[in-house]
Amino acid sequence: MAQTEKKAGLLRRTSSSKKPLKEKVLLMYEDIFTKEDPTKSNPRFWDELFLMKVNLEHLEGKLEALDGDEVVKIRDNINSLFHHCVQALAEEHQIKVVNALQVTDNISQNTILEYVMINSIFEAILQILSDVSSRARHGYDAVVLLALLVNYRKYESVNPYIVKLSIVDDEPTLDGMGRVIHHALAEYNRQYKEKEEENQGGFFSTLTSMVGSMFIADADEKLSVQTNEAILLALYEAVHLNRNFITVLAQSHPEIDIATAPAVPIPASPTTPLGTTPPSLDMMNNPELPLDPNLQTSNLLITFLKYSSIVMQDTKDEHRLNSARLFLIILTCIAEDQYADAFLHDDNMNFRVNLHRMPMRHRKKAVDKSIPSRPLVCAVLDLMVEFIVTHMMKEFPMDLYVRCVQIIHKLICYQKKCRVRIHYTWRELWSALINLLKFLLSNETSLLSKHNIFQLALQVVNLFNMFITYGDTFLPTPSSYDELYYEIIRMHQVFDNLYCMVLRVSANAGPWKEPASKVTQALVNARAIINHFNPKIESYATVNHISQLSEDQVLEVVRTNYDTLTLKLQDGLDQFERYSEQPREAGFFKELVRSISLNVRKNVSLSTMSQDILLKEFSSIS
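Since this is a predicted model, take the numbers as computed values, not measurements. (Residues numbered from 1 in each chain as written. Predicted model: local features only at pLDDT ≥ 70, side-chain atom pairs only at ≥ 80, totals over all residues. Heavy atoms only, no water.)

To continue, consider the overall build of the protein chain. When helices and strands are counted, the protein chain shows 32 helices and 4 strands. Among the 622 residues that make up the protein chain, the fraction classed as buried is 48%. Counting contacts in the protein chain only where the partners sit at least 6 residues apart, residues at least 24 apart contribute 80% of the total. For the protein chain, the exposed area adds up to about 32,100 Å²; of that, 53% sits on carbon and sulfur atoms. (Helix = DSSP H or I, 4+ residues; strand = E, 2+ residues; numbered from the N terminus. Buried < 20%, exposed > 50% of the residue type's maximum accessible area, 1.4 Å probe, protein only. Contact = heavy atoms within 4.5 Å. Areas by Shrake-Rupley, 256 points an atom, 1.4 Å probe, with all protein chains shown as cover.)

Rendered as structure tokens:
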């Protein structure tokens, strides 16, 4: 018995001195990082791997330990890993699916992407986009993949995909990318229109008309369609990085009703030279354009504007807020581009753009046929006015308003510089801007606790200064200039109250002293107009024994008293800071890409919520 105990003791000591056995999954990872094909020794290697719980920490550690040469040596195995991950997503076995989806939420922490940075797949993506048949099958995924690759560690190191995308000048490729984006946005617009039509008529419509706007919020919820930030990100990267893509935005083609069109792959468009002339001239010389003047034409920019008019309605939802911010950033880039501005303002290229307008009690819904055919800049301005009018609310989206006013300013700077006179209803813009100032004044206390309202107020006042100082160079008629003065005089109380407010704030020490004093200085011309014309209007009324003057009578007083008005020429009104992604927007794009990555994984192959929950529970088991 003593001998048995001694033997048992020896056995215990021997077993305790052994190294702990490695998990099988770790051994299989090591097989991947050898030069040999792991299926030679185990034909079921990949099937078994995807049935085991992923050890991300170990896998990432192995990848991070490799240098460039070592990555190249095992490229076949890494390719196989990617290939089998994609294959596993189509498996019925849900454990394989969830294991195949194990990437971090932050793509910049996905070390396996270093491999595709060294061994570029950029050319392969372009090939998919330039070929009609491959684009029909894989175009959407290719565009989203490219957008994500462009954002991989873009602020930390040189990303080859950024450099390569910026210099693409192959027309079929750029056109293919534009067609994929256009189709995705048009499909969203179609789905929204279908839901909108479903909700028209019947009991719901009758009830809404009976009780006013009480149910508008509920109606909008019923009409909500999932936003597509991934495709917007792809559009942003193309517009921001590649100037040649601007011509793709403007390529015209007959507008097809996607709801009734046959489901066939989108064919490649006729070639349009990517020359150094503005895109509008390129298209005017393109013999492929339809000659029928009654046939409505469309392009990617129009579809984008329609899409934006839908998603910007409800900015309380995080995804729609991101989409609204992104579409304003895209419009900012477009408004700064000389070629894009030339197309937007081309009076020979007119379009009828049916933007979605938020339901409001005090206005009727515009009928499609009543929308005039105008240069596209009018649709952009309409969209900005619509945003200004419909988002003055408690949860005030200050950032979006600043961007919106900046876009208007950049467009007006172009008009002033090139002396372009567009026939636009400027009074709608002036009225919207004055009402915005009125809103800022009415909510001064609550807004100042969260925002610098003086920055926005200064932008709005300086827009009026642009019209006052340079309006004669870009307003369509002399009477338009008269109408500007009429609006300022008619709404003088808003300007007077704003002056009193900023004078009060700038008189006190505090964080708002300097920004408020800038607004005080900027108001000098608006106040000069008010103080000059109001006494003359009162005198005219007294002499002619009129208690209240009509608009025509006020305009007559204005026209006859311009000569004695003294205005101050203000410097820098037509200057603006050009858009720069870094550092101001870096945080936004990091979070946006993380959200897109999460959404892509969420929508891959997980058919029900119960499966999703089950798989999450499985993946958390150690």
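Looking now at the packing of aromatic side chains. In the structure shown here, the tally under the stated rule is 22 aromatic pairs. Aromatic pair tyrosine 481 and tyrosine 562: ring centres 6.1 Å apart, planes at 40°, arrangement tilted. Residue tyrosine 481 is located in helix 26 (residues 478-490), and its partner tyrosine 562 is located in the loop between helix 30 (551-559) and helix 31 (586-603); the two are separated by 81 residues in the primary sequence. Given the relative accessible area of 16%, tyrosine 481 is considered buried. Of the residues examined, tyrosine 562 reaches a relative accessible area of 24% and is grouped as partly exposed. (Phe/Tyr/Trp six-rings, centres within 6.5 Å; stacked < 30°, edge-to-face > 60°.)

Of all residues in the protein chain, 75% have pLDDT values of 70 or greater, and the mean over the chain is 78. Counted against residues more than four places away or in other chains, residues 4-19, with its pLDDT under 50, gives 0 contacts. In this model, residues 256-295 is a region of pLDDT below 50 whose contacts with residues beyond four sequence positions or in other chains number 65 contacts. (pLDDT = per-residue confidence, 0-100.)

Bringing the pattern of salt bridges into the picture now. What the rule picks out here adds up to 23 salt bridges. Between aspartate 399 and arginine 325 there is a salt bridge; the shortest N-O distance is 3.5 Å. Remark: arginine 325 occurs in helix 19 (residues 318-335) and aspartate 399 occurs in helix 22 (residues 398-418); sequence separation between them is 74 residues. A residue is classified by how much of its surface remains accessible, and aspartate 399, at 35% relative accessible area, is partly exposed. Residues glutamate 444 and arginine 504 are paired through a salt bridge, measuring 3.0 Å at the closest nitrogen-oxygen approach. Remark: arginine 504 occurs in helix 27 (residues 492-506) and glutamate 444 occurs in helix 24 (residues 444-448); sequence separation between them is 60 residues. Classification of glutamate 444 as buried rests on a relative accessible area of 16%. On the basis of relative accessible area, arginine 504 is assigned to the partly exposed category, the value being 43%. Overlapping salt bridges, with partners in common, bring together Arg325, Asp399, Arg403 and Glu585 in one network. (Salt bridge = Lys/Arg side-chain N within 4 Å of Asp/Glu carboxyl O.)

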